[in-house]
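Letter by letter, the chains look like this.
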Amino acid sequence: MVDEVDRASNYQIFLNFLAQLRANYIERELIATFHSVILAGVYDITNLKRKFVAPDEHNTNSPWNVAADYKIDMSFSTADIKKMLQQYEKDYTTGMDLAAIAQDLYDYTSGYPFLVSRICKYLDETLPGTEEFPDRSSAWTKEGISRAVGAILIEKNTLFESLIDKVNRYPDLKEILYDILMNGADISFNPYIVSISTASMFGFIKAENSRVVIANRVFETFLYNFFLLSEESRSADIYQLGTREKYQFIRNNELDMRLILERFVVSFDDLYGDQEQKFKENDGRKYFLLYLRPIINGEGNYYIESRTRNMERTDIIIDYKTKQYVIELKLWRGNAYNTRGEKQLKDYLDHYHLDTGYMLSFNLREATSQADVLAHPFGDCRDSQISGKKFGLNQKKEIGLKEIRFGDKLLIEAVV
């Protein structure tokens, strides 16, 4: 059994050692030797083959004639997590809701062992004794888990260091992760595509209904932050503005989400309203998340609802201290389309047991010719008059905030 194969595979001497093991195995009828070799690590044995050939040769065959997969699922199920919590509860009697806490831990981690353990360690050792969580009973709650996840997302640990190292080392891996998260790409799961195979091998993605999804919510948010907070993004004016204005949005330990949207609309128009280049559809969500990130940093976290992530609509769920907020980001495609979005948001609020929801509509696409107008997906803008470079429909849609009563729900819509 050989451990730490991932690290050792970077060195030619280890690869020579593997070759010697293989040679011994081939000669096993002549010279007594072992009957099996176990290589422990993240890498698939077939990927080690890349180290045996020149960089320009594309060959990922295994250096072994026969290789057996390790079929045991190493992640924790909700039941597994609950059993561990039961043992903890016997010792400390926190009064936690075992089923609910186990489910929350699984929802964030999908049972990834390091993440489950790290969150639990934070809940046990770090959170109790703070002002908001004076004892273990207050820490082992939904709010405590949210705070723990927020803190872990900004800490430096071995898992995240390894994750970023692999993202930077494999361009195809970085590309597919960026495409899924930032562009809302819908990708079929095909293990024979190198980028998908690599991402799956490292545990970054998984197959869900034959589609590629990020393996767990913590990875998703961490990678979102990584792509958003690149050197280029950190220098963006909208991020710097969010950093400067963050304290005015916190009132009684809650986010004033209405004010956040109001200030974002004004700031976005001031910074980017006069730009002549064509507005990219996925830029809207990036700019908003850049503005939002420094506001909630350290005290809360967000994640993107995977069922609604696409080029037209994204639902952002924000956990900030003891409250949750749902914001729907979408492209403006006319009144009928927007009404459907309001209905979807109301249904989503019912699911999260919330009375108030938020919608941020982006209405910034530009045209440079009549042909652009006719080709534009905003169906009801084709008969509009062009004024300068902008679509007529865009000028009909009023920029700013408004409140909408939809049944027993209050929807606050902001338009940029």
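Cut-off values and rules
- Residues numbered from 1 in each chain as written.
- Predicted model: local features only at pLDDT ≥ 70, side-chain atom pairs only at ≥ 80, totals over all residues.
- Heavy atoms only, no water.
- Helix = DSSP H or I, 4+ residues; strand = E, 2+ residues; numbered from the N terminus.
- Buried < 20%, exposed > 50% of the residue type's maximum accessible area, 1.4 Å probe, protein only.
- Contact = heavy atoms within 4.5 Å.
- Areas by Shrake-Rupley, 256 points an atom, 1.4 Å probe, with all protein chains shown as cover.
- Phe/Tyr/Trp six-rings, centres within 6.5 Å; stacked < 30°, edge-to-face > 60°.
- Lys NZ or Arg CZ within 6 Å of the ring centre and 35° of its normal.
- Expected span 1.5 Å × (residues − 1).
- Arc of directions from axis to C-beta.
- Pairing = 2+ DSSP bridges.
- Salt bridge = Lys/Arg side-chain N within 4 Å of Asp/Glu carboxyl O.
- Axes fitted to C-alpha atoms, helices over the stretch in contact; angles between N-to-C directions.
- Parallel < 35°, antiparallel > 145°, perpendicular 65-115°, else oblique.
- Nonpolar A, V, L, I, M, F, W, Y, C, P; charged D, E, K, R; others polar.
- Core = buried A, V, L, I, M, F, W, Y, C linked by side-chain atoms within 4.5 Å.
- Left-handed = near helix turned anticlockwise from the far one by under 90°.
- pLDDT = per-residue confidence, 0-100.

Caption draft 1: Seen up close, the overall build of the protein. Summing up its helical and strand segments, the protein has 19 helices and 10 strands in all. The buried share of the protein, reckoned over its 416 residues, is 47%. For the protein, long-range pairs separated by at least 24 residues make up 60% of all intrachain contacts whose partners lie at least 6 apart in sequence. Split by element, the accessible area of the protein, about 21,700 Å² in all, is 48% carbon and sulfur.

Caption draft 2: Representation of the packing of aromatic side chains in the model. Under the criterion given, the structure shown has 17 aromatic pairs. A ring pair is formed by Phe249 and Tyr291, whose centres lie 6.2 Å apart and whose planes are at 65°; its orientation type is edge-to-face. Of this pair, Phe249 sits in the loop between α14 (237-245) and β3 (250-251) while Tyr291 sits in helix α16 (residues 283-296), and the two are 42 residues apart along the sequence. Since its relative accessible area comes to 0%, Phe249 is described here as buried. Note on Tyr291: relative accessible area 0%, which makes it buried. Ring pairing ties together the aromatic residues Phe249, Phe264, Phe268, Tyr287, Phe288, Tyr291 and Phe362, which thus form one cluster. Here the basic side chain of Arg28 rests over the ring of Tyr25, its NZ or CZ set 4.0 Å away from the ring centre.

Caption draft 3: The arrangement of helix α2 (residues 12-26) in detail. If you check α2, its first and last C-alpha atoms are 21 Å apart, about what 15 residues at 1.5 Å a residue would give, namely 21 Å. Of all the residues in α2, the buried ones are Phe14, Leu15, Leu18 and Leu21. One side of α2 carries all its buried residues, which in axial view fall inside an arc of 110°.

Caption draft 4: Focus on the pairing of strand β7 (residues 323-331). The element β7 is largely enclosed, with a buried count of 8 among its 9 residues. Relative to strand β8 (residues 356-362), β7 runs parallel, the two being bridged by 5 bridges. Paired with Lys330 across the strands is Ser361, a residue of β8.

Caption draft 5: Summary view of unusual backbone geometry. Not every positive phi belongs to a glycine, and Ser110 is a case in point at roughly 55°. By secondary structure assignment, the location of Ser110 is in the loop between α5 (98-109) and α6 (113-126). For Ser110, a relative accessible area of 19% corresponds to the buried category. Backbone geometry places Asn253, a non-glycine residue, at a positive phi of 60°. Accessibility expressed as a relative area gives 44% for Asn253, which makes it partly exposed.

Caption draft 6: Spatial organisation of the pattern of salt bridges. Under the criterion given, the structure shown has 15 salt bridges. Residue Lys142 is joined to Asp104 by a salt bridge in which the shortest nitrogen-to-oxygen separation is 3.8 Å. Of this pair, Lys142 sits in helix α8 (residues 142-153) while Asp104 is found in helix α5, placing the two residues 38 residues apart along the sequence. Judged by relative accessible area, Asp104 falls into the buried class, the value being 14%. As a salt-bridge pair, Arg251 and Asp256 come within 3.1 Å of each other at their nearest N and O atoms. The class for Arg251 is partly exposed, based on a relative accessible area of 49%. Since its relative accessible area comes to 18%, Asp256 is described here as buried. When salt bridges that share partners are traced, they join Asp350, Asp355 and Lys409 into one network.

Caption draft 7: Highlighting the packing of helix α12 (residues 217-228) against α16. Put simply, α12 and α16 touch, their axes get as near as 11 Å, and they point 100° apart. One finds that α12 runs roughly perpendicular with respect to α16. Contacts between α12 and α16 involve Tyr224, Asn225 and Leu228 from the first element and Lys286, Leu289, Leu290 and Arg293 from the second. Taken together, the residues that form the contact of α12 with α16 break down as 4 nonpolar, 1 polar and 2 charged.

Caption draft 8: Representation of the environment of Lys166 within the structure. Mapped onto the elements of the fold, Lys166 is located in helix α9 (residues 158-169). The buried category is assigned to Lys166, whose relative accessible area is 10%. The spatial distance from the C-alpha of Lys166 to the C-alpha of Phe202 is 8.4 Å, given a sequence separation of 36 residues. In contact with Lys166, other than residues within four places in its own chain, are Leu173, Phe202 and Phe204.

Caption draft 9: Expanded view of the nonpolar core. Within the largest apolar cluster, 92 residues are counted, with the highest numbers of intra-cluster contacts made by Leu177, Phe204, Phe264, Phe288 and Ile318. Excluding anything up to four places from it in sequence, Phe264 contacts Ile238, Tyr287, Phe288, Tyr291, Leu360, Phe362 and Val416. Ranked by size, the runner-up nonpolar core spans 11 residues in total, among them Val326, Tyr352, Leu354 and Leu411.

Caption draft 10: Quick peek at the packing of α14 against helix α15 (residues 257-272). Contact geometry for α14 and α15: axes closest at 11 Å, N-to-C directions at 140°. Crossing of α14 against α15: the hand is right-handed. Contacts between α14 and α15 involve Asp237, Ile238, Leu241 and Glu245 on the former and, on the latter, Arg263, Phe264, Ser267, Phe268, Leu271 and Tyr272. Residues belonging to the contact of α14 with α15 are distributed by class as follows: 6 nonpolar, 1 polar and 3 charged.

Caption draft 11: Seen up close, the confidence of the model for the protein. Per-chain confidence: the protein averages 78 in pLDDT, with 75% of residues scoring 70 or above. Note on residues 308-312: pLDDT under 50 across the span, and 23 contacts to partners over four residues away in sequence or across chains. With pLDDT under 50 throughout, residues 366-395 is counted as low confidence; its partners more than four residues away or in other chains account for 52 contacts.

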